[in-house]
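Now for the letters of each chain:
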Amino acid sequence: MNDDPLWYVFINACLINNFVLAYFLGICPFLGISAKLGTAARMGGAVTFVMLTSSVAAFGIQSMLLLIDAPYLKLISFIAVIESTVQLVEMFIKKVSPALFRALGIFLPLITTNCAILGLALFQTNKGYGFLQSIIYAAGAGAGFTLALVLMAGLREKLELAKTPDIVRGTAITLVLAGLLSLCFMCFAGLAS
């Protein structure tokens, strides 16, 4: 079992090793949903919920698979749990807010294939986190994912009001912003030591 304090587990997942800006996982929703601030925040909330649920399930699955001596089933079990959780979130959002469901579009079902969520489940089990540490790690990863989406959305909304040359409008400036955000988050790496 890992003995990292809970505050460090949270800060590590949120800032130091941010899934989007340090590990470059979950780039599809990061670039696709981050055009509007409201949509980005809601997508971050959905991803955070899926991360928390998947984290709890991954901890239980890992414990059970170790008991029956079948760790080779870990990956397929994690994928099945993540897919089921995303289906529940998708049905909930469609029922509660059809407008948000349409705004998220194809990116909502793509949470299923979001490598950040699978990476979270694999990282927490490989790091040997206990149950509470796993939940804190998932909360930190979700907060970091949401932070990255919201920061990018805020920058992109501000950029719409700015006069930019035609050659860098659209995807080019978005990728430059993503690179600059990633460089800014690399400054948090000093906190790890």
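Calculation rules
Residues numbered from 1 in each chain as written. Predicted model: local features only at pLDDT ≥ 70, side-chain atom pairs only at ≥ 80, totals over all residues. Heavy atoms only, no water. Helix = DSSP H or I, 4+ residues; strand = E, 2+ residues; numbered from the N terminus. Rg over C-alpha atoms; globule rule 2.2 N^0.38 Å. Buried < 20%, exposed > 50% of the residue type's maximum accessible area, 1.4 Å probe, protein only. Contact = heavy atoms within 4.5 Å. Axes fitted to C-alpha atoms, helices over the stretch in contact; angles between N-to-C directions. Left-handed = near helix turned anticlockwise from the far one by under 90°. Nonpolar A, V, L, I, M, F, W, Y, C, P; charged D, E, K, R; others polar. Phe/Tyr/Trp six-rings, centres within 6.5 Å; stacked < 30°, edge-to-face > 60°.

Caption draft 1: Inspection of the overall build of the chain at higher detail. Looking only at helices and strands, the chain has 8 helices and 0 strands in total. Helices (α) and strands (β) of the chain occur, in sequence order from the N terminus, as α-α-α-α-α-α-α-α. In terms of overall size, the chain behaves like a compact globule, its C-alpha atoms giving a radius of gyration of 17 Å where 193 residues would be expected to give roughly 16 Å. For the chain, the spread of C-alpha atoms along the principal axes amounts to about 60 × 45 × 25 Å. Residues counted as buried form 41% of the 193 residues belonging to the chain. For the chain, contacts bridging at least 24 residues in sequence account for 79% of all contacts bridging at least 6.

Caption draft 2: Quick look at helix 1 (residues 6–16). The set of residues buried in helix 1 consists of Val9, Asn12, Ala13, Cys14, Leu15 and Ile16. Along its buried surface, helix 1 packs onto helix 6 (115–127), helix 7 (131–161) and helix 8 (171–186).

Caption draft 3: Summary view of the packing of helix 6 against helix 7. Two elements in contact, helix 6 and helix 7, have axes whose closest approach is 10 Å; the angle formed by their N-to-C orientations is 145°. Pair helix 6 / helix 7 crosses with right-handed handedness. Residues Ala116, Leu120, Phe123, Gln124 and Lys127 of helix 6 pack against Ser134, Tyr137, Ala138, Ala141 and Phe145 of helix 7. A breakdown of the residues in the contact of helix 6 with helix 7 according to their chemical character gives 7 nonpolar, 2 polar and 1 charged.

Caption draft 4: A look at the packing of aromatic side chains. Considering all chains together, one arrives at 8 aromatic pairs under this definition. Relative to Tyr8, the ring of Trp7 lies with its centre 6.1 Å away and its plane at 85°, an arrangement referred to as edge-to-face. With a centroid separation of 5.5 Å and an interplanar angle of 65°, the aromatic rings of Phe59 and Phe131 are classed as edge-to-face. With Phe59 in helix 3 (residues 37–67) and Phe131 in helix 7, this pair connects stretches of sequence that are 72 residues apart. Phe59 gets classed as partly exposed once you look at its relative accessible area, which sits at 26%. What links up through ring pairs into an aromatic cluster is the set Phe19, Tyr23, Phe123, Tyr129 and Tyr137.

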